Amino acid sequence: MSLESLSVSQPSLFVVSGPSGSGKTTICRRIADQFNWYYSVSHTTRPIRPGEHNGRDYFFVNEAEFKDMVAEDAFFEWARVYDNFYGTAKEPVMDHLQKGQSVILDLDTQGAALVKKLKPEAVLVFINTPSVDELETRLKSRGQNSEDEIKKRVQGAQNELSHIDEYDHVILNDDLDSAIAKLQDIINEHRQQSKTQ
Ligand code: ADP
Ligand code: 5GP
């Protein structure tokens with residue numbers, strides 16, 4: 001029996017960032033389904049959008065509830081993004097990793113940098129689009145944001161893009177299936193490397 005077949009692979013921690021509308025949610029959902037990974041559900045103070053469900057897309061909380069969780073040190077990381085608070089609860093992420101299940105997080109660039117500090121083994125992936133115009137088109141066609149929200153998110157794209165060099169991998173989400181295939185390749189390569197270390 002080879003040494004490789006004896007080795008047990010460690011669960012992975014992947015963080016996906018990118019401008020709003022770049023396709024992070026779509027890609028994370030598909031990856032979590034395909035690999036049976038835990039796609040973390042964040043807490044947020046932003047209003048629920050049409051088509052979203054509490055507990056599936058986010059845990060929608062008010063500012064006082066969010067601040068209580070901060071005071072209780074219940075967050076793995078949290079940040080203020082587009083005038084609202086967003087945070088990843090510590091317990092479910094740690095529980096899944098301890099049970100051996102890999103975790104994928106969809107975070108802004110502030111959250112991703114914090115996670116990398118806390119868990120240097122985390123793999124950071126940035127999802128980009130061919131242009132900022134394309135982001136606007138996708139946000140409009142998603143049909144969940146007001147004009148004002150879309151404007152804020154398109155303006156925020158430049159800020160997210162200014163952190164692209166902090167990421168281990170950049171994927172251009174031009175064609176969705178190719179972008180997912182690229183992330184699958186990155187994950188498989190990472191698993192292979194973790195086995196041989
Ligand atoms: P994010 O989570 O980054 O804000 P979403 O995953 O919600 O982005 O995607 C934004 C919209 O763009 C959704 O309607 C999604 O179906 C669509 N979308 C995702 N990838 C592509 C792509 N490669 N080409 C066209 N539309 C896409
Ligand atoms: P949206 O409001 O469009 O769902 O998300 C806005 C931004 O918040 C996205 O960039 C998304 O990645 C980020 N985000 C979602 N959840 C979290 C979280 O728990 N922590 C941090 N830091 N960012 C988050």
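All values derive from a computational prediction rather than experimental measurement. Throughout, residues of each chain are indexed from 1 in the direction in which the sequence is written. The order in which chains are written sets their letters, starting at A; the order in which ligands are written sets their numbers, starting at 1. Since the coordinates come from a predicted model, pLDDT governs what is reported: local features require at least 70, and pairs of side-chain atoms require 80 or more to be given and counted, while whole-chain, interface and lining totals use all residues. Values reported for side chains reflect all heavy atoms of the structure, with hydrogen atoms and water molecules removed beforehand.

Some remarks on the sheet that holds strand β1 (residues 13–17)
For two strands to count as paired, DSSP must find a minimum of two bridges between them. A run of DSSP states H or I qualifies as a helix once it reaches four residues; a run of E qualifies as a strand once it reaches two. Both are numbered from the N-terminal end. The parallel open sheet is built from 5 strands, whose spatial order is β2-β7-β1-β8-β9. Every other strand in the sheet has two partners, leaving β2 (38–39) and β9 (169–172) as the edge strands with one partner each. Alignment of β1 against strand β8 (residues 123–128), held across 4 bridges, turns out to be parallel. Looking across to β8, one finds that Val 16 is bridged to Val 125.

Some words on helix α3 (residues 63–71)
Pairs of N or O atoms within 3.5 Å make up the polar contacts considered here, provided that, within protein, one atom can donate a hydrogen while the other can accept it, and that residues adjacent in sequence are counted only when both atoms are side-chain atoms. Where α3 begins, the side chain of Asn 62 points an oxygen toward the backbone nitrogen of Ala 64, at a separation of 3.2 Å. Phi turns positive one or two residues past the end of α3, at Asp 73, with a value near 60°.

A closer look at the sheet that holds strand β4 (residues 59–60)
In space, the 4 strands of this open sheet follow the order β4-β3-β6-β5, with mixed pairing throughout. Each edge of the sheet is formed by a strand with only one pairing partner; in this case those strands are β4 and β5 (75–81). Across 2 bridges, the pairing between strand β3 (residues 43–44) and strand β6 (residues 84–89) is antiparallel. Looking across to β6, one finds that His 43 is bridged to Gly 87. Across the sheet, helix α4 (residues 90–98) lies against β5 and β6, angled at about 30° from β6, the strand it touches most. Here, residues are in contact when the closest pair of their heavy atoms is within 4.5 Å. Under this scheme, a helix contributes an axis fitted over its contacting stretch, all axes are lines through C-alpha atoms, and angles between N-to-C directions fall in the 0 to 180 degree range.

Thoughts on the site of ligand 1
Throughout, the term near means that a residue has one or more heavy atoms lying within 4 Å of the molecule or strand in question. Taken together, 14 residues surround ligand 1, and among them Gly 21, Thr 25, Thr 26, Arg 142 and Asn 173 come closest. In this structure, Arg 142 approaches ligand 1 through a side-chain N or O atom, which is 2.8 Å from an oxygen atom. Protein chains shield 77% of the accessible area of ligand 1, which is 570 Å² for the free molecule. Listed by contribution, the elements that provide at least two residues to the shell around ligand 1 are α2 (24–35) and α6 (132–142). Accessible surface area values rest on a Shrake-Rupley calculation with a 1.4 Å probe, where residue burial reflects the displayed protein chains alone.

Re the confidence of the model for the chain
Per-residue confidence from the predictor is reported as pLDDT, a score between 0 and 100. Within the chain, residue pLDDT values average 93, and 95% of them lie at 70 or more. Low pLDDT (under 50) marks residues 1–7, which in the prediction has 5 contacts with non-local residues, meaning those over four places away or in another chain.

Looking at the packing of aromatic side chains
Between 30 and 60 degrees the pair is tilted, below 30 it is stacked and above 60 it is edge-to-face, where a pair is any two Phe, Tyr or Trp rings, Trp via its six-membered ring, whose centres lie within 6.5 Å. Applying the stated criterion across every chain, the model contains 9 aromatic pairs. Between Phe 14 and Trp 37, the ring centres sit 5.3 Å apart and the planes meet at 55°, which makes this aromatic pair tilted. Linking Phe 14 in strand β1 with Trp 37 in the loop between α2 and β2, this pair joins segments that are 23 residues apart in sequence. Here Phe 14 and Trp 37 have matching classes, each one buried. Between Phe 66 and Phe 85, the aromatic rings sit 5.4 Å apart at their centres with planes inclined by 25°, giving stacked as the arrangement. Taken together, the positions of Phe 66 in helix α3 and Phe 85 in strand β6 put the pair 19 residues apart, joining distant regions of the chain. Exposed residues in this analysis have more than 50% of their type's maximum accessible area, buried residues have under 20%, and partly exposed residues fall in between, with area computed by a 1.4 Å probe over protein chains only.

Some remarks on the nonpolar core
Counting residues in each nonpolar core, the largest one holds 19 residues, and the members touching the most others are Phe 14, Ile 31, Trp 37, Ile 104, Val 125 and Leu 183. Excluding its chain neighbours within four sequence positions, the residues that come into contact with Ile 104 are Phe 14, Val 16, Cys 28, Ile 31, Ala 32, Trp 37, Tyr 38, Tyr 39 and Ser 40. Grouping buried Ala, Val, Leu, Ile, Met, Phe, Trp, Tyr and Cys residues that are joined through side-chain atoms within 4.5 Å yields what is termed a nonpolar core. Judged by nonpolar contacts, the second largest core, of 15 residues, contains Val 15, Tyr 38, Leu 105 and Val 115.

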